Amino acid sequence: MQQKISPFHIAVLTYMAQAGMVLFTLPRSLADYFGTNGWLVLIPCFLLSAFNIWLISLVFRLGQGRSVFAILEQSVPKMLLYPLYFLLAGSWLIFGCMIGKKYVLVFQMLSFPSTNPMLFKLAIDVLAFLLLIKGIQGISKAATLFFWMTAWMILLLAWFIPSFRWERLTPFLLKGGHDQVKGSIEVYSAFLGYELTLFLFPHVKKNKKSIWAIHVGNLFLMLNYLSLSLICFGLFSLNQLKKLLYPVLDLLAYIQFPFIERLENLLYGFFLFLILITLVMYWWAAQLTVQRMMPKLNMKILLLILIFIAYGISFFAETLEQVNVWITNLGYAVTGIAFGLPTLLIMILLLQRKGGTTHG
Amino acid sequence: MGKLRIAAVILLLLLTGCKRDERVLEDLGMVQTSSYDLLENNKLKVVSCVPVIDPDSPVRRELLTAESDSIKEARLQFSRQTDLMVVSGQLREVLFGTTLAKAGIGGYTDTLLRDPSTALGVRVTVVEGDAGELLSKTYEPHSDTGSYITHLLEKESLGNSVPATTLYEFSRDYNDDGIDAVTPVVKNVGNKVTIDGIALFLMDKYVMKIPVEDGIIFALFRDDLKQGEATVNLGKQNGKPVIVMFSSLSSKRKVKVHKKGDGRFKVVISTSVQGSVLEYTGEEKLSAPGTRHKLEEEISKSITEKAEEMILQMQQEKTDALGIGRYVRNSLSYREWTSMNWREVYPRIEVDCHVKVIIKDYGKYS
């Protein structure tokens, strides 16, 4: 029998799937869209994501740990499902791909200004392919390793505590922002990634701990975001924070040790691990969905085709600005899926249960 | 295994794509210090100092000079003057000449911040007079004037007599609506560079200088201090000046805002200072508790007077370098703060300074 993923690894996988490129811009988005004390917005976002995870846990309980596809296909004809599958797979595939492309473009801006970014993108896609062919077990192990390689970085925030001033936070609540609706969705997208745990059901033990692990991963992410944003709001003045496009890069660049300077080039490399797992998890979900439509196709060939398509699409977004537009728009779709898919599944499961009792 | 090998080969081959961004250390001109001056024809004079790595070379630095309309245009001109590839990733210090600082440096700091290779830790300093001239001069025995100034300021700012202003601090205070930026001022005095004082800014324009002797008093009212040294002149006694030298200073600052109606404010800044007396030239014995008590009061009075005079001057120049605005802002509602023009209100507020001095010890001699 296939080995099950332990709760600890589920938590790590959830966190790693969630933490991605948004991290770099999050404090700025909070300051820009919500103004003073924008970091507080993280709390309702967290609660909303926790509610979404609760919906997922309902699917898990009602469906008794059956796979999402099994639940859907039991009640919905394939003719209706395939377009849905196609949309799901497409959104996840391109979303993951754009996150990778954004990382590459920022990396290029920092360290290799005149190298063709598509070369780096190719390198990342090869790494992603190697991870994906190992299946979810392999991805989970790699995620745990990467987690330990990156989780220590949160401790670097302690470096900034001496320059932190509460006065800079101001007593004003969310004043001086704009476009709050757009901002909320953008900030919420920082939490996305937990919805992929829907596909972990067949690989985890059927108990409460597995669900709690998702919450723990989400909570850890939230604590990371909260401490990062709070530090940024107390370290930078509000208008300064609005002007810094990548405040986290500036934070990293501000760290100076007597023996080494310009640490951010090195540290930015570590973030590749976070991005890689986010991207791999989205592609993994896309692969599972497409596999369902073409069960006979060899998994590796399918992956090759998918990554090839994604690589091709990533040519369309050439500048950081274009990538941001793609990510924002796909972010809406992925957020919609994160809430819509579990809701749909719950409705189907309730119908099935009702049908089951009347028949039984 | 076979697949892994193929993947490894592919990944290695991809590295060849980075050839264009290859950087050979010996071929790089890593600018460490740059100075900017405003010329009479409104052009910018940029002088950059690049260390020479070649151990056989008799000089330790190469100076690049350009006249241009912008900082980055100057870099292109530098490129044509040297066989090295000029990069700004190791920039440690930027010096602004007085004329430029008075005209406003916001646009230039923005350019520096935009460049991804420039870190927030670059020091910002104002030079009394022409910054390019100062940077071009060699001050024996220092082979590199740029790093001489950097080290000088680094060391002095530890004692808090001048602020350690980096791009981060400058841009933070410049963008904050409740505080104005400050930087250290240095000047050329023949065969040395000396710290001249603290430049206070109104937005991005240099408007006022605090003399270096009063730097520590300014620091006491701007922030909490962890260490510092100060001499306080208590007037004359029998024709001899009475000086108290305070060492290992530490201080805590508190700001209280009282609203007095119709847009008037009274602000009380209280500072409590602790320190050891290392020198006292008066006639009383420090070992008597009564004398120490009296001395503490005299010192407190002297600091208060100086501070209040300094604040009055700042109010005249409309520069809120102590950050009083932050406390006023935090005592108001958002609407009250945004509807008020702080720049206009600031010169009219009443500021009271309270200093509590505690002599921790007076050395190992009575």
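Residues numbered from 1 in each chain as written. Chains lettered and ligands numbered in written order. Predicted model: local features only at pLDDT ≥ 70, side-chain atom pairs only at ≥ 80, totals over all residues. Heavy atoms only, no water.

A. Broad picture of the overall build of chain B. Counting its regular elements, chain B contains 12 helices and 14 strands. Once the C-alpha set of chain B is aligned to its principal axes, its extents read approximately 85 × 60 × 55 Å. Counting across all 366 residues of chain B, residues that qualify as buried make up 50%. For chain B, the proportion of contacts with a sequence separation of at least 24, taken over those separated by at least 6, is 65%. Of the roughly 17,800 Å² of accessible surface on chain B, a fraction of 52% belongs to carbon and sulfur atoms. (Helix = DSSP H or I, 4+ residues; strand = E, 2+ residues; numbered from the N terminus. Buried < 20%, exposed > 50% of the residue type's maximum accessible area, 1.4 Å probe, protein only. Contact = heavy atoms within 4.5 Å. Areas by Shrake-Rupley, 256 points an atom, 1.4 Å probe, with all protein chains shown as cover.)

B. Representation of the environment of I346 of chain A in the model. Residue and element names in this part refer to chain A. Here I346 is to be found in helix α14 (residues 320–359). In this structure I346 comes out as buried when scored by relative accessible area, which is 11%. For the pair I346 and P202, spaced 144 residues apart in sequence, the C-alpha to C-alpha distance is 17 Å. Beyond its immediate sequence surroundings of up to four residues, I346 is in contact with L55, L58, V59 and L62.

C. Region of interest: the sheet that holds strand β7 (residues 123–127) of chain B. Residue and element names in this part refer to chain B. Sheet architecture is open: 8 strands sit in the order β4-β3-β2-β6-β7-β8-β9-β10, paired in mixed fashion. With one partner strand each, in any of the chains shown, β4 (61–68) and β10 (205–211) form the two edges of the open sheet. The sheet shows a mean angle of 30° between the axes of neighbouring strands, direction not considered. Sheet topology note: the β7/strand β8 (residues 182–188) ladder contains 2 bridges and is parallel. (Pairing = 2+ DSSP bridges. Axes fitted to C-alpha atoms, helices over the stretch in contact; angles between N-to-C directions.)

D. Empty space enclosed by the protein, seen in detail. Applying the stated rule across the entire model yields 7 cavities of 30 Å³ or more. In terms of lining, the largest cavity is formed by 20 residues, of which the most central are L23, M153, I154, L228 and F271 of chain A. Those elements that place two or more of their residues in the lining of the largest cavity are α7 (135–151), α9 (208–235), α11 (247–254) and α12 (264–293) of chain A. Residues of the lining of the largest cavity, tallied by class, amount to 18 nonpolar, 2 polar and no charged. Here the second largest cavity is characterised by a volume of approximately 120 Å³. S34, Y36, I71, K72 and S88 of chain B are, among the 13 residues lining the second largest cavity, the residues nearest its centre. Among the secondary structure elements, those contributing two or more residues to the lining of the second largest cavity are β2 (33–38), β3 (44–51) and α2 (71–81) of chain B. At 4 residues, α2 of chain B tops the list of elements feeding residues into the lining of the second largest cavity. When its residues are assigned to classes, the lining of the second largest cavity shows 8 nonpolar, 3 polar and 2 charged. (1 Å grid on protein atoms, 1.4 Å probe; cavity = no way out; pocket = protein on both sides within 12 Å on 5 of 7 lines; lining within 4 Å. Points joined across faces, edges and corners; volume = space filled by probe spheres on them. Nonpolar A, V, L, I, M, F, W, Y, C, P; charged D, E, K, R; others polar.)

E. View of the layout of surface pockets. As a volume, the largest pocket reaches approximately 1,700 Å³. Those elements giving two or more residues to the lining of the largest pocket turn out to be α6 (145–158), α7 (167–175), α8 (215–222), β12 (240–259) and α10 (324–331) of chain B. By residue number, the principal contributor to the lining of the largest pocket is α6 of chain B, which donates 7 residues. Among the residues making up the lining of the largest pocket, the classes are represented as 16 nonpolar, 16 polar and 18 charged. Domain assignment of the residues forming the lining of the largest pocket places at least three in each of domain 1 (25–212) and domain 2 (223–366) of chain B. Estimated volume of the second largest pocket: approximately 840 Å³. Taken together, 25 residues form the lining of the second largest pocket, with S111 of chain A together with R23, V87, G89 and S117 of chain B sitting closest to its centre. At the level of elements, α5 (78–110) of chain A together with β1 (28–30), α2 and β5 (85–87) of chain B are the ones that each hand at least two residues to the lining of the second largest pocket. Class assignment of the residues belonging to the lining of the second largest pocket gives a composition of 12 nonpolar, 7 polar and 6 charged. (Domains from an automatic or database assignment.)

F. The arrangement of the domain arrangement of chain B in detail. All names here are of chain B. For chain B, the assigned domains read domain 1 (25–212) and domain 2 (223–366). The gap between the C-alpha centroids of domain 1 and domain 2 is 31 Å. Listed as interface residues are 16 residues of domain 1 and, on the opposing side, 22 residues of domain 2. Overall, the association of domain 1 and domain 2 removes approximately 1,400 Å² of surface from exposure, summing both partners, and the carbon and sulfur fraction of that is 56%. At the junction of domain 1 and domain 2, the tally comes to 3 salt bridges. Applying the counting rule to domain 1 against domain 2 returns 9 residue pairs in polar contact (both at pLDDT 80 or more). The residue makeup of the side of domain 1 that touches domain 2, split by class, is 10 nonpolar, 3 polar and 3 charged. (Buried area = accessible area lost by both parts, 1.4 Å probe. Salt bridge = Lys/Arg side-chain N within 4 Å of Asp/Glu carboxyl O. Polar contact = N/O pair within 3.5 Å; in protein donor to acceptor, adjacent residues only side chain to side chain.)

G. How the structure looks around the interface of chain B and chain A. Taken together, the 35 residues of chain B in the interface contact 37 residues of chain A. In this assembly, chain B packs against chain A so that about 3,300 Å² is buried in total across both faces, 58% of it on carbon and sulfur atoms. Considering only the side of chain B, the residues that lose the most area to chain A are D21, Y168 and Y334 of chain B, jointly responsible for 19% of the buried surface there. A salt bridge links E167 of chain A to R326 of chain B; the shortest N-O distance between them is 3.5 Å. Our count for the chain B to chain A interface comes out at 10 residue pairs in polar contact (both at pLDDT 80 or more).

H. Expanded view of the packing of aromatic side chains. Across all of its chains, the model carries 39 aromatic pairs over all chains by this definition. Aromatic ring contacts, followed pair by pair, group F24, Y103, F107, F112, F120, Y268 and F271 of chain A into a single cluster. (Phe/Tyr/Trp six-rings, centres within 6.5 Å; stacked < 30°, edge-to-face > 60°.)

I. The arrangement of the nonpolar core in detail. Membership of the largest hydrophobic core comes to 144 residues, with the highest contact counts inside it found for W92 and Y268 of chain A. Of all the elements, α12 of chain A adds the most residues to this core, at 18 residues. The next biggest cluster of nonpolar side chains, apart from the first, holds 68 residues, and it includes I198, I210, L249 and I303 of chain B. (Core = buried A, V, L, I, M, F, W, Y, C linked by side-chain atoms within 4.5 Å.)

J. The arrangement of the UniProt feature "domain: Spore germination GerAC-like C-terminal" (unreviewed entry) in chain B in detail. According to UniProt, the "domain: Spore germination GerAC-like C-terminal" (unreviewed entry) feature falls on residues 196–363 of chain B. Secondary structure across residues 196–363 of chain B comprises 33% helix and 42% strand; the distance between its end C-alpha atoms is 30 Å. (UniProt positions renumbered as here; feature names shortened; annotations may be inferred.)

K. Fine view of unusual backbone geometry. Residues and elements named next belong to chain B. In this structure, the amide linkage connecting E140 to the following residue, P141, adopts the cis form with an omega of 0°. Along the chain, P141 turns up in the loop between α5 (131–136) and α6. Of note in this structure, N160 is not a glycine but carries a positive phi near 65°. Positionally, N160 belongs in the loop between α6 and α7. We note that S248 has phi near 45°; this positive angle belongs to a residue other than glycine. For S248, the location among the structural elements is in strand β12.

L. Examining the sheet that holds strand β11 (residues 230–237) of chain B more closely. Residues and elements named next belong to chain B. Spatially, β11-β12-β13-β14 is the arrangement adopted by the 4 strands of the open sheet, whose pairing is mixed. What marks the edges here is a single partner per strand, and that holds for β11 and β14 (350–361). Strand-to-strand twist of the sheet, defined as the mean angle between neighbouring strand axes without regard to direction, takes the value 40°. Where β11 meets β12, 6 bridges bridge the pair, whose relative direction is antiparallel. From the neighbouring strand, A230 faces β12, where its bridge partner is F246. Most of the contacts of helix α9 (residues 289–317) go to β14, to which it runs at about 145°, and overall it touches β11, β12, β13 (265–280) and β14. The sheet contacts of α10 involve β12, β13 and β14, and relative to β12 the element is tilted by about 25°.

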